[in-house]
Amino acid sequence: MSYFDVNNITVAFGGVKALNDVSFSVDQNEIFTIIGPNGAGKSTLFNVISRIYQPNNGNVVFDGKDVLNLKAHQISQIGIARTFQNLELFENATVLQNLLLGRHIYKKSNFLSDMFFLNHVKKSEREQRLKVEEIIDFLDLQHYRDTPIHGLPYGVRKNVELARALSTDPKLLLLDEPSSGLTNEETIDLGFWIKDIKNLLNITVVMIEHDMSFVNKVSDRILALNYGQVLAEGLPEEIQSNSEVKKAYMGE
Amino acid sequence: MRFIFKTNYDQDINIVRHNGDRISYGLLVAAMIIMPFFIDDFYLGELSYVFILAIAGIGLMILSGYTGLASLGHAAFLGVGAYTHAFLLTNGIPFYYSIIIAVAVSFFVGAAIGFPILRLTGMYLAIATLAFGFIAEHVFIRWEHFTGGNRGMVVPTPEFAGISFYDSATFYYVCLIALILSMFAAINILRSPTGRAFVAIRDSEIAAQSLGVNIGRYKALSFAISAGFTGLAGALLAHYIGYLAPDIFNIFLSLTLLLLIVVGGMGSLHGTIYGAIFVGSLPQMIAIGRDYLPSSIASQPGLEPLLFGLILVLFILYEPLGIYGRWLKIKLFFEMFPTYKKQTFKKQKTFTKSDRV
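Reading guide: rules and limits
Residues numbered from 1 in each chain as written. Chains lettered and ligands numbered in written order. Predicted model: local features only at pLDDT ≥ 70, side-chain atom pairs only at ≥ 80, totals over all residues. Helix = DSSP H or I, 4+ residues; strand = E, 2+ residues; numbered from the N terminus. Rg over C-alpha atoms; globule rule 2.2 N^0.38 Å. Buried ≥ 20, exposed ≤ 12 C-beta atoms within 10 Å, placed from the backbone. Contact = placed C-beta atoms within 7 Å. Pairing = 2+ DSSP bridges. Axes fitted to C-alpha atoms, helices over the stretch in contact; angles between N-to-C directions. Parallel < 35°, antiparallel > 145°, perpendicular 65-115°, else oblique. Left-handed = near helix turned anticlockwise from the far one by under 90°.

Our focus in this paragraph is the overall build of chain B. When its secondary structure is counted, chain B shows 16 helices and 4 strands. For 357 residues, the compact-globule estimate of 2.2 N^0.38 gives 21 Å, and chain B sits close to it at 21 Å. Taken along the three principal axes of its C-alpha coordinates, chain B extends 60 × 55 × 50 Å. Relative to its 357 residues, chain B shows a buried fraction of 43%. The long-range share in chain B, meaning contacts at least 24 apart out of those at least 6 apart in sequence, stands at 75%.

Shown next as structure tokens:
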């Protein structure tokens, strides 16, 4: 058994099988990329892992814990954080508030101590802020701390979402199309950051991605999906030369 | 324009951001404290009513403005607070305990209602809370032992330190203190993890969930806290009215509260004060306005609800951020003069949101 195991996951929406018997495993401290044409079931897979969809069959084990036994809000507590394909930021809150929400699972107060803002609440707020500042420094967000999300350009928003996921202090990071909509330069920066996340923060990364040159540069291993089924799994060079994958992307 | 040089995390945590705030809010509180020496009993009563409305507004603002859940039945919680308080006072419980118990009862009623009802969203939630409002009104009518039914119920006038509540200055100070304490409680909740979780639920439930916010629990908590504040307002309202009858806590009062937070400015605590002043003075303005209208219009019975509805619609269309939002724009205009840009407050939509996650 490896660090993160997905075994025989099947998800059916009525008669459509979005995922059919998908299995793979990810080692600790690895960048694992899932590719596949539109509708291949990549995002569905992420939604299964983060407990938004209930699979018909199969199981997911992370670090020895059965993920499917947990509720959606308990996922972050075992160290899984994710970003979303179409940005799910808290639009009317500032960047700082968004990131502090990433620290929600570490709060030590209930609403009564919050209401009186007791000393330990204040102390914990300072601690969380310190942690958030580390992430802000890591992803160069200093300039935007007090800006509400709706006033930010798209690239920065993407970055804030990554930062928010990182501020939960995860062990496994799920990135849903992190480079979509970014400029070339931003994509290059992102590549460095993802490598840093793995090497400096020791976080295992599973990402969905379409930009193949970016995928090949960053990933350790790649899984190719099509129509809810695993086409191939292997090192970037293997996937590039795999005939099944070529067929799925370019036709016969 | 004021630039704050931040050297300490506490500067983002503290309630008072800079000395300018300290002076202006201090002056405001001082003015409110000396008010009874300058204005007569009628206006003091009106001001107390505005404070009560503001407390109820804080309650609804936390629920609708910050957690993004609609409620068309909040008058029910005013009723729960008012009846509990009046009932306890009648049975000889001292004022302080009675008001705390009234808040607690409203809180738990809110939690009990919140858990099942908050599985619904949007329009369905509005309908369910509307239904709750009607049901509560009927409970107030039928539960005669507790509420006196349609006959109504006299609210006893408590005394403390030898001063009766009949003295409007005393009542004014009680309301003022209640408002200030409520304001601090609300600010504290909103600047702490609990309040951030509320905002998270409002802006994106799915992201809130993935960050570990227990949606069901926090929605119910928001409903309960909101009910607690509204219950406090209800308890004070009982003294203001003096005689409770079930039809006071009707749908129209719920809509008035909704008007209050929309006109004041959704998602801001300042808005509750502006909204309360507006809503509190509106009946007077309508009464004055009637004198200048042709009698065929002025004598129409439905004039007030019509105007309330009209104002609500106009605000939603032309100033969704309410009076507070307008104030922010005016303030910025003078700070930036002459370089103010209208676009500053325009939300840019960078791409369309889809249902896919």
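Additional details are given in the paragraphs that follow.
Our next topic: the sheet that holds strand S4 (residues 57–62) of chain A. All names here are of chain A. With antiparallel pairing, the 4 strands of this open sheet are ordered in space as S2-S1-S4-S5. The open sheet terminates on both sides in strands that have one partner only, identified here as strand S2 (16–26) and strand S5 (65–66). Of the pairings in the sheet, the one linking strand S1 (residues 4–13) to S4 comprises 5 bridges and is antiparallel in character. What sits directly across from Asn 7, in S4, is Asn 59.

Residue and element names in this part refer to chain B. Checked against the element boundaries, Leu 237 lands in helix H11 (residues 215–241). In sequence terms Leu 237 and Leu 282 are 45 residues apart; their C-alpha atoms lie 18 Å from each other. Leaving out residues up to four positions away in the same chain, Leu 237 has contacts with Ile 52, Leu 78 and Ala 82.

Turning our attention to the packing of helix H4 (residues 75–90) of chain B against H11(B). A pair of packed helices is captured by two measures, namely the crossing angle of their axes and the spacing between those axes. Residues and elements named next belong to chain B. Running from amino to carboxyl end, H4 crosses H11 at an angle of 55 degrees, the nearest separation of the two axes being 6 Å. It follows that H4 is oblique to H11 by the angle criterion. Here the hand of the crossing between H4 and H11 comes out right-handed. Each of Phe 77, Leu 78, Gly 79, Val 80, Gly 81, Ala 82, His 85 and Ala 86 in H4 lies in contact with H11, whose residues at this interface are Ala 227, Thr 230, Gly 231, Leu 232, Ala 233, Gly 234, Ala 235, Leu 237 and Ala 238.

Quick look at the interface of chain A and chain B now. Counting from both sides, the interface comprises 40 residues of chain A and, opposite them, 33 residues of chain B. If you list the elements that add at least two residues to the side of chain A that touches chain B, you get helix H1 (42–49), helix H2 (95–102), helix H3 (111–116) and helix H4 (119–138) of chain A. It is H4(A) that contributes the most residues to the side of chain A that touches chain B, 5 residues altogether.

Note that all results are geometric; they support no functional claim without further evidence.
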